[in-house]
Each structure stands twice: as structure tokens, then as C-alpha cells.
Amino acid sequence: MTIQSVGVIGAGQMGNGIAHVFALAGYDVLLTDVSQDALDKALSLIDRNLERQVSREKISAEDKKAAMGRISTTLRLSDLGKTDLVIEAATERETVKQAIFEDLQPHLKPETILTSNTSSISITRLASRTDRPEKFMGFHFMNPVPVMQLVELIRGIATDQATFELLHEVVRKLGKTAASAEDFPAFIVNRILMPMINEAVYTLYEGVGNVKSIDESMKLGANHPMGPLELADFIGLDTCLAIMNVLHDGLADTKYRPCPLLTKYVEAGWLGRKTGRGFYDYRGETPVPTR
Ligand SMILES: CC(=O)CC(=O)SCCNC(=O)CCNC(=O)[C@H](O)C(C)(C)COP(=O)(O)OP(=O)(O)OC[C@H]1O[C@@H](n2cnc3c(N)ncnc32)[C@H](O)[C@@H]1OP(=O)(O)O
Ligand SMILES: NC(=O)C1=CN([C@@H]2O[C@H](COP(=O)(O)OP(=O)(O)OC[C@H]3O[C@@H](n4cnc5c(N)ncnc54)[C@H](OP(=O)(O)O)[C@@H]3O)[C@@H](O)[C@H]2O)C=CC1
């Protein structure tokens with residue numbers, strides 16, 4: 001089987017990045033979300049990010065035009081049933097993802113491959129609720145998708161070898177590098193990265209440092225491209241908290257206890273860049289620390 005058409009569910013920061021790289025690599029992309037506003041914003045963001053690549057001479061103006069021409073949007077999830085590969089990139093909540101796969105299932109071609117871009121949730125569990133666990137995989141892109149080289153490939157217990165090899169080939173066609181991870185909570189990248197971010201929030205909570213000193217310490221002292229709190233805002237604090245909860249519940253170890261301060265920011269709706277405020281306030285000219 002060859003993949004030509006790709007359905008992307010969720011037009012947030014990951015969904016738009018995934019649509020961007022697939023369209024640029026020559027795939028036909030159908031993007032869906034629950035709101036037209038999210039779809040419109042995603043298209044204008046993809047346009048802007050492609051334009052940035054044109055201005056840096058990474059791609060030509062023709063490449064950009066062709067990529068934009070390969071992306072269509074729809075509010076009807078059922079329209080994705082005709083695509084060869086579905087990538088679910090909706091909110092990091094298991095009930096949301098399960099409902100999406102349940103609603104999509106009656107409209108799917110028998111050969112369609114199902115994947116989830118989940119950061120942490122069990123692939124085996126998500127797959128077991130579908131009619132094709134052998135054609136279901138974790139397909140974990142990193143943020144920002146057009147820039148980051150890695151894609152984690154996670155097999156559920158039932159995933160077959162043909163599906164694994166097919167997705168490996170897709171990653172290669174995108175010009176990215178695949179890493180295989182076993183299906184345990186948060187896989188590899190977030191098993192290591194998220195406890196570090198959570199520890200940075202504890203460092204803030206306990207007053208060891210403020211937002212600026214914690215981020216500067218890790219940028220200048222450990223050569224991280226972004227400080228951990230800046231990175232948390234970039235990922236989304238709701239997503240960070242959801243991943244910590246999956247680690248805490250799934251591994252039953254108190255070392256993964258989400259910091260109460262992280263919970264408080266999420267409860268306030270201060271989710272980071274996407275809502276204009278998190279550990280930094282992004283509503284002015286330059287980001288201002290909130291602590
Ligand atoms: C939560 C999960 O489940 C998993 C995850 O994704 S964890 C998060 C993983 N991501 C990270 O850790 C990101 C860490 N941060 C970084 O690597 C860098 O800060 C960054 C790449 C995001 C920005 O780098 P920077 O040097 O500050 O910015 P800038 O010089 O403007 O951009 C660097 C390049 O990225 C491109 N870029 C930046 N943001 C982009 C975007 N959203 N879309 C497209 N291109 C983008 C720029 O065009 C530029 O490209 P060239 O080098 O080809 O010219
Ligand atoms: N942020 C990151 O750095 C990374 C995130 N991921 C994973 O990618 C997924 C998406 O994350 P991200 O893009 O950051 O999240 P965002 O919050 O930016 O986007 C999620 C989008 O999905 C939409 N959505 C919610 N429910 C549905 C539904 N039933 N059908 C269609 N769309 C829906 C949301 O709409 P609305 O806002 O209206 O609810 C929103 O537009 C998550 O699983 C996350 O863990 C993976 C790698 C990195």
C-alpha cells in the first residue's frame with residue numbers, strides 16, 4: 001500500500017505543523033477541527049510558516065504555492081474516512097481521542113492506517129477501541145513540526161510489521177528521522193523531558209529561583225535552546241499537566257507528581273503562548289515573566 005492522502009484531526013499547533021510538512025512533501029492533506037475559526041487560523045499560520053521558509057531560501061515560492069494547494073479543510077470528521085492515513089492531533093485527553101476514533105470508524109476505508117500524535121497516552125488502549133488495532137500506531141511529532149527532526153514511532157501490542165514499516169517510510173519521505181519507542185507512559189522524549197519541566201515548576205514553586213533565573217540558568221548553564229518554563233509555555237501548560245498525570249497514574253510513582261503550581265496555572269486558563277499568558281505574559285511587545 002502507498003500513502004497519498006492524509007487526514008489530520010485537530011488544527012492546533014501540532015495539527016497545523018503536521019499538515020505543513022506533509023503538504024510540502026507532496027501528500028494531499030485534509031485537515032479537520034471542531035471550529036471553523038481553528039481551521040482558518042491554522043491555514044494562515046501554515047501560510048506564514050511556509051513564507052518564512054521561502055524568505056530563508058529553504059523552499060521556493062512555487063513549493064509554497066503547491067503545498068498550500070494540497071491542503072483542504074473540513075468540519076466533517078467523516079470526510080477523513082477516504083484518506084489513506086489518519087493522524088489524530090486533538091487535545092491530549094483520552095476521552096476526546098477515543099470519541100474521535102469511535103465517530104470516524106464507520107466512515108473508514110478498510111485499509112486506512114490510524115495514528116495518534118499523543119504525547120503520552122497508551123497506544124495499545126487507544127487501538128483496542130478501534131476495529132483495526134493491527135493498523136494503529138503512535139506517530140509522535142515534535143514541536144515546532146517543520147523544524148524538529150525527530151518522529152517517535154510507537155507500536156501498540158497488536159501493531160503489525162507492515163504498518164510499522166509503512167510509517168517508517170513516510171517519516172523518511174518527510175526528510176525526518178524515526179526513533180522507535182515501546183508503548184509505556186509518555187514514551188521516550190516526554191518520559192525524560194516532562195519531569196524536567198515539572199521540576200523547573202517545583203523550583204519556581206519553592207522559591208529557589210524566579211521565572212527569569214530558572215530559564216536563564218538552563219539556557220546559559222546547560223545550553224538548552226529555550227528555558228524549561230519558556231518551553232512549557234511553548235508546548236502548552238494543559239498538555240504538560242496532562243502528560244504528568246499520565247506518567248503519575250501509569251507508573252504509580254510519586255516522583256511524577258505534577259507540581260501544584262502547574263495545576264494552578266492550568267486552572268486559571270493560563271496555558272502558555274496559545275492563550276497569551278503562562279509563565280510569561282505574551283500580550284505586550286516582549287514576554288514578561290508572571291513570577
Ligand atoms: C510535548 C511533546 O509531546 C513533544 C515535544 O514536542 S517537546 C518540545 C520539543 N521542542 C523543543 O524542545 C524546542 C526547543 N526550542 C528550539 O529548538 C528553538 O528555540 C526553536 C527551533 C523553536 C526556535 O529557534 P530560534 O533559533 O530561537 O528561532 P529562529 O532562529 O527564529 O528559528 C530557527 C529555525 O526554526 C524555524 N522556525 C521556528 N519556528 C518555526 C515554526 N513554528 N514553523 C516553521 N519554522 C519555524 C526558523 O525559520 C528557523 O529556520 P532556519 O534555521 O532554517 O532559518
Ligand atoms: N504541544 C506540543 O508541543 C505537542 C503536542 N503533542 C500532542 O499533539 C496533540 C495536540 O496538541 P496541540 O496541537 O499542542 O494542542 P492544541 O490545544 O494547540 O490543539 C488541539 C486542537 O484540537 C482541537 N480539538 C479538540 N477536540 C477535537 C475534536 N473532537 N475533533 C477535532 N479537533 C478537536 C482543539 O479545538 P478546541 O481548542 O476548540 O478544543 C484544538 O484546535 C496532543 O495530543 C498533544 O499531546 C505532541 C507533540 C508536541
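None of these values were measured; they are calculated from a predicted model.

Q: Can you help me understand the UniProt feature "domain: 3-hydroxyacyl-CoA dehydrogenase NAD binding" (unreviewed entry) in the protein in this one?
A: The sites that carry the UniProt feature "domain: 3-hydroxyacyl-CoA dehydrogenase NAD binding" (unreviewed entry) are, in the present numbering, residues 6-183. Strand forms 21% of residues 6-183 and helix 40%; the C-alpha atoms that close the span are 24 Å apart.

Q: When you look at unusual backbone geometry in this model, what are you seeing that I'm missing?
A: With the exception of glycine, the majority of residues adopt a negative phi angle, and the majority of peptide bonds are in the trans configuration. Along the chain, asparagine 143 connects to proline 144 via a cis peptide bond; the corresponding omega equals 0°. Considering the arrangement of structural elements, one finds proline 144 in the loop between strand 6 (136-141) and strand 7 (150-155). A positive phi angle, close to 70°, is found at alanine 186, a residue other than glycine. Assignment of secondary structure puts alanine 186 in the loop between strand 8 (177-181) and helix 7 (189-205). A count of 24 C-beta atoms within 10 Å places alanine 186 in the buried class.

Q: Sorry if this is basic, but what is going on with helix 10 (residues 237-251) here?
A: Every α-helical turn comprises 3.6 residues, leaving residues that sit three or four positions apart pointing alike. Taking 1.5 Å of rise per residue, the 15 residues of helix 10 would be expected to cover 21 Å, and the 21 Å separating its terminal C-alpha atoms lies within 8% of that figure. If you check which residues of helix 10 are buried, you get Leu237, Asp238, Thr239, Cys240, Leu241, Ala242, Ile243, Met244, Val246 and Leu247. At its buried positions, helix 10 is contacted by helix 7, helix 9 (228-235) and helix 11 (260-267).

Q: Please explain the site of ligand 2 as it appears in this structure.
A: Around ligand 2, a shell composed of 28 residues is seen, among which Gly10, Gly12, Met14, Ser119 and Asn143 lie nearest. Broken down by element, the shell around ligand 2 gets its largest block of residues, three residues, from helix 1 (residues 13-24). Looking at the shell around ligand 2 residue by residue, the class counts come to 12 nonpolar, 13 polar and three charged.

Q: What am I meant to see in the nonpolar core here?
A: Of all hydrophobic cores here, the largest spans 77 residues; its most connected members are Val8, Ile18, Ala19, Val29 and Cys240. Among the elements that take part in this core, helix 10 stands out by supplying eight residues, more than any other. If sequence neighbours within four positions are ignored, alanine 19 has contacts with Val8, Val29, Leu31, Ala42, Ile46 and Ile71.

Q: Please clarify how the site of ligand 1 should be interpreted in this entry.
A: What surrounds ligand 1 is a group of 19 residues, the closest being Ser119, Met142, Asn143, Pro144 and Pro146. Looking at the shell around ligand 1, the elements with two or more residues in it are helix 2 (36-55), helix 7 and helix 9. Residue contributions to the shell around ligand 1 peak at three residues, all from helix 7. Residues that form the shell around ligand 1 fall into these classes: 11 nonpolar, five polar and three charged.

Q: In this structure, what is going on with helix 1? I would like to understand it.
A: Across its 12 residues, helix 1 extends 17 Å between first and last C-alpha, which sits within 8% of the 16 Å expected from 1.5 Å per residue. Most of helix 1 sits out of view: 12 of its 12 residues are buried. For helix 1, every residue scored as buried is listed here: Gln13, Met14, Gly15, Asn16, Gly17, Ile18, Ala19, His20, Val21, Phe22, Ala23 and Leu24. Trailing helix 1 by a residue or two, glycine 26 shows a phi angle of about 100°, which is positive.

Calculation criteria
- As a convention, each chain's residues are numbered from 1 in the sequence order in which they are written.
- Working convention: letters from A go to chains and numbers from 1 go to ligands, in the order in which they are written.
- Side-chain atom pairs in this predicted model are given and counted only at pLDDT of 80 or more, local residue features only at pLDDT of at least 70, and totals for whole chains, interfaces and linings cover all residues.
- UniProt positions are given in the numbering used here, feature names are shortened, and annotations may be inferred rather than shown by experiment.
- Where helices and strands are cited, they refer to DSSP runs of H or I of at least four residues and of E of at least two residues respectively, numbered from the N terminus.
- Three classes are used. A residue is buried when 20 or more other C-beta atoms lie within 10 Å of its own, exposed when 12 or fewer do, and partly exposed in between, with C-beta atoms placed from the backbone.
- To estimate how far a helix should reach, multiply one less than its number of residues by 1.5 Å.
- What counts as a contact is two residues whose backbone-derived C-beta atoms lie within 7 Å of each other.
- Only the C-beta atom matters for this test: placed from the backbone, it must lie within 6 Å of a molecule or strand for the residue to be near it.
- Basically, the charged four are Asp, Glu, Lys and Arg, the nonpolar ten are Ala, Val, Leu, Ile, Met, Phe, Trp, Tyr, Cys and Pro, and anything else, Gly included, counts as polar.
- Throughout this description, the term nonpolar core refers to a group of buried Ala, Val, Leu, Ile, Met, Phe, Trp, Tyr and Cys residues whose C-beta atoms join them within 7 Å.

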